[in-house]
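# Examining the three-dimensional arrangement
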Protein chains: 2
Amino acid sequence: MKLALIQQTFFKEKEKNIDKLTKNIRDCAKAGAELVILSELHNSLYFCQTEEVKNFDLAEEIPGNSTQIFGDLAKELGIVLVISLFEKRAKGLYHNTAVVLEKDGSIAGIYRKMHIPDDPAFYEKFYFTQGDLGFQTIKTSVGNLGILICWDQWFPEAARLMAMNGADILIYPTAIGWDINDDFEEKQRQLDAWIAVQRGHAVANNLPVAACNRTGWESLDQSHNGIDFWGNSFVFGAQGEILAQANETEQNIFAEIDLKRTEEVRKIWPFFRDRRIDAFEDLTKRWTN
Amino acid sequence: MKLALIQQTFFKEKEKNIDKLTKNIRDCAKAGAELVILSELHNSLYFCQTEEVKNFDLAEEIPGNSTQIFGDLAKELGIVLVISLFEKRAKGLYHNTAVVLEKDGSIAGIYRKMHIPDDPAFYEKFYFTQGDLGFQTIKTSVGNLGILICWDQWFPEAARLMAMNGADILIYPTAIGWDINDDFEEKQRQLDAWIAVQRGHAVANNLPVAACNRTGWESLDQSHNGIDFWGNSFVFGAQGEILAQANETEQNIFAEIDLKRTEEVRKIWPFFRDRRIDAFEDLTKRWTN
């Protein structure tokens, strides 16, 4: 199974983003990708840089205009497509939601971001209610997809629960970048840590892991530094081996995934045989001492 | 706080191992280490390569001869020392147990390996009953130590529970190596995966992580290939940055650990603020679908 990640920069205007994404998705399908993954909140700039009430107008219903447009494209190209939307669920209730579109254009399932960050220039708790669908895989014609979103990637529990729910692959639409005031060493540590923790999920769960990040500098407010989205989208295999890795430039990256490999790796490293579930109760606590 | 890991080869004879370890421990203390960590089951060859009833005679009581010898050494040198023993708890009841010795020579605490492996040449389930003390940190004069052992290192749950129990550092005495029949690429993937998953624990928990492995080829049975212990002991910092990394040769490696760094990293990456403990109940299950 060949998958593609689209790592690109974005515009303020939704239509221009959809046009650019459409061109890239067509290119990926033409190159043979059966599964195409977009980065987080790709229909706009990363509006969570500021807390602005008017930004709620960017939210969309699911199903709605975007699932129709991208669903039609998935059907036309015969691909499974993972999109990422600012979901308007009800008046005053919003989520950060990924939608998986099947090859027939239908919605295979949605995942609502469970872990919502909030730190300077990433004010997501202002916009999004945390997901209430749990860590459920989404069944598709290319496998059981364990979709998680950005901040989720720092939590081994999320990866584990998706694995235990039968995920064939973990997929992270992402929007992460640097504060331009940080020095080179700090930036490098942050990027390395982001890669390392997800590579750890691949190893611990014997699953391929794909993360699709934005790239490019975006600033929504002259009083802020903006965010320099660091790209570096990647795909790791079921043993944590690197299958594909982007740098910071715009690009579509591809990887061949052998979904039978997970079972082979689990035969030599049978972690799921040995988990001490009798001693894991405290994982549902905040802190234990 | 300066710590040292002693990565060495071992003899069949306990006395020769203790002599060699003693020399290395003295060297580490002389170099300024306050915390010295030995690799797994350092008093013998890695006897779990075979299932032999006579090997139970290698087991020792705790407290006992080894805790006395190494306790005296810890006191003489004024260091905290992490040793790893084949524990005889009762007739017919054995554990794979780490003991932490304080600067005054007393036993600060013990940790009984919770996850016991069993695969060709690592027949640990034959020898060791899984630990029943849970994931409790051990309080010492150099910090709260989260001691885990070898196979535990593949389980993010173990690292997380030690972190939530207040660990200042995660420490893994280890005995891991290659089957000499595996090809170079497979060996490299295994080594990289072993490093990656523990680097992931450092990042996910904002904690330094130290793993002290055996090195050298050991064979206990002419009908087997033996194990080529791969060394590569390492120390990662609280952001997953590499502080020290050995190659495959015998060596003592050192790292300066800034225990205040964890709190600083947790201020910029507040994972413990956001864990979705309301959705983690299934972590105590074997599988969820």
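With that settled, the discussion passes to the interface of chain B and chain A. Opposite the 56 residues of chain B that make contact, chain A presents 56 residues. Interface area for chain B against chain A, summed over the two sides, is near 5500 Å², with a carbon-plus-sulfur share of 61%. It is Arg 276, Leu 283 and Arg 286 of chain B that lose the most area in chain B upon contact with chain A, and together they represent 13% of the buried surface on that side. Inspection of the region where chain B meets chain A yields six salt bridges. A salt bridge links Glu 157 of chain B to Arg 160 of chain A; its shortest N-O distance comes to 2.7 Å. If you look at where chain B meets chain A, you find 30 residue pairs in polar contact (both at pLDDT 80 or more).

Residue and element names in this part refer to chain B. Within the secondary structure, Ile 110 sits in strand E5 (residues 107-112). The sequence separation of Ile 110 and Gln 136 amounts to 26 residues, and the corresponding C-alpha distance is 9.2 Å. Setting aside anything within four residues of it in sequence, one finds Ile 110 in contact with Ile 62, Thr 97, Ala 98, Val 99, Leu 133 and Ile 138.

Counted according to the given criterion, the structure contains 52 aromatic pairs over all chains. Their ring planes at 70° and their centres at 5.1 Å tell us that Trp 194 of chain A and Phe 234 of chain A sit as a pair that is edge-to-face. With Trp 194 of chain A in helix H5 (residues 184-205) and Phe 234 of chain A in strand E13 (residues 234-236), this residue pair connects regions lying 40 residues apart in the sequence. The class for Phe 234 of chain A is buried, based on a relative accessible area of 0%. A ring pair is formed by Trp 151 of chain B and Phe 155 of chain B, whose centres lie 6.0 Å apart and whose planes are at 75°; its orientation type is edge-to-face. Judged on exposure class, the residue Trp 151 of chain B and its partner Phe 155 of chain B are both buried.

Applying the stated rule across the entire model yields 42 salt bridges over all chains. Of the charged contacts in the structure, one is a salt bridge between Arg 112 of chain B and Asp 132 of chain B, with a shortest N-O distance of 3.2 Å. A residue pair is termed long-range when its members are at least 10 positions apart, and Arg 112 of chain B in strand E5 and Asp 132 of chain B in the loop between helix H3 (124-127) and strand E6 (138-140) qualify at 20 residues. In this structure Arg 112 of chain B comes out as buried when scored by relative accessible area, which is 8%. Taking the shortest distance from any N to any O, the salt bridge between Asp 282 of chain B and Lys 285 of chain B comes out at 3.0 Å. Accessibility expressed as a relative area gives 26% for Asp 282 of chain B, which makes it partly exposed. What you see here is one network of salt bridges that share partners, running through Glu 87, Arg 89, Arg 112 and Asp 132 of chain A.

Moving on: empty space enclosed by the protein. Under the counting rule described, the total for this entry stands at two cavities of 30 Å³ or more. The calculated volume of the largest cavity comes to roughly 80 Å³. Looking at the lining of the largest cavity, the elements with two or more residues in it are H5 of chain A together with helix H5 (184-205) of chain B. No other element matches H5 of chain A, which puts five residues into the lining of the largest cavity. In terms of residue class, the lining of the largest cavity is made up of six nonpolar, five polar and no charged.

For the rest of this paragraph, the subject is the relation of the copies chain B and chain A. For the pair chain B and chain A, the best superposition has an RMSD of 0.0 Å and corresponds to a rotation of 180° with a translation of 0.0 Å parallel to the axis. A rotation of that kind, with that shift, is consistent with a two-fold axis. When C-alpha positions in chain B are compared against the rotation axis, the closest is assigned to Gly 200 of chain B, at 2.4 Å.

Attention shifts here to the environment of Ala 238 of chain A. Residues and elements named next belong to chain A. For Ala 238, the position within the fold is in the loop between E13 and strand E14 (242-245). Sequence spacing of Ala 238 and Ala 204 is 34 residues, and the spatial spacing of their C-alpha atoms is 9.1 Å. Ignoring sequence-local partners within four residues, the contact set of Ala 238 consists of Ala 202, Asn 206, Leu 207, Pro 208, Arg 261, Thr 262 and Val 265.

With respect to the helices and strands, Arg 199 of chain A occurs in helix H5. Notably, Arg 199 of chain A is buried but unbridged: the nearest opposite-charge side chain belongs to Asp 192 of chain B, and the N-O separation is 4.1 Å. Setting aside residues no more than four positions away along its own chain, Arg 199 of chain A makes contact with Phe 236, Gly 240, Glu 241 and Ile 242 of chain A together with Asp 192 and Ala 196 of chain B.

With that out of the way, let us pick up the packing of helix H4 (residues 156-164) of chain A against H5 of chain A. Residue and element names in this part refer to chain A. Orientation of H4 relative to H5, taken along the N-to-C sense of each, is 35°, at an axis distance of 10 Å. At the point where H4 passes H5, the crossing takes the right-handed sense. Contact residues: H4 offers Pro 156, Ala 159, Arg 160 and Ala 163, while H5 offers His 201, Ala 204 and Asn 205. The class makeup of the residues in the contact of H4 with H5 is four nonpolar, two polar and one charged.

Leu 35, Leu 145 and Trp 154 of chain A together with Leu 35, Leu 145 and Trp 154 of chain B are the most contacted members of the largest nonpolar core, which totals 131 residues. Among all residues touching Leu 35 of chain B, those that are not within four sequence positions of it are Met 1, Lys 2, Leu 3, Ala 4, Val 80, Val 82, Val 142, Leu 145 and Ile 171 of chain B.

Whether parallel or antiparallel, the strands of a sheet pair through hydrogen bonds between backbone atoms. All names here are of chain A. The sheet built from three strands is open, its strands ordered E9-E12-E11 with antiparallel pairing. Each edge of the open sheet carries a strand with a single partner, namely strand E9 (177-178) and strand E11 (215-218). Looking at chain direction, E9 and strand E12 (residues 227-230) are connected through two bridges and run antiparallel. If you follow Trp 178 over to E12, its bridge partner there is Asp 228.

How each quantity is defined
- Residues numbered from 1 in each chain as written.
- Chains lettered and ligands numbered in written order.
- Predicted model: local features only at pLDDT ≥ 70, side-chain atom pairs only at ≥ 80, totals over all residues.
- Heavy atoms only, no water.
- Contact = heavy atoms within 4.5 Å.
- Buried area = accessible area lost by both parts, 1.4 Å probe.
- Salt bridge = Lys/Arg side-chain N within 4 Å of Asp/Glu carboxyl O.
- Polar contact = N/O pair within 3.5 Å; in protein donor to acceptor, adjacent residues only side chain to side chain.
- Helix = DSSP H or I, 4+ residues; strand = E, 2+ residues; numbered from the N terminus.
- Phe/Tyr/Trp six-rings, centres within 6.5 Å; stacked < 30°, edge-to-face > 60°.
- Buried < 20%, exposed > 50% of the residue type's maximum accessible area, 1.4 Å probe, protein only.
- 1 Å grid on protein atoms, 1.4 Å probe; cavity = no way out; pocket = protein on both sides within 12 Å on 5 of 7 lines; lining within 4 Å.
- Points joined across faces, edges and corners; volume = space filled by probe spheres on them.
- Nonpolar A, V, L, I, M, F, W, Y, C, P; charged D, E, K, R; others polar.
- Least-squares fit on C-alpha atoms with pLDDT ≥ 70 in both.
- Lys, Arg positive; Asp, Glu negative; His and termini not counted.
- Axes fitted to C-alpha atoms, helices over the stretch in contact; angles between N-to-C directions.
- Left-handed = near helix turned anticlockwise from the far one by under 90°.
- Core = buried A, V, L, I, M, F, W, Y, C linked by side-chain atoms within 4.5 Å.
- Pairing = 2+ DSSP bridges.

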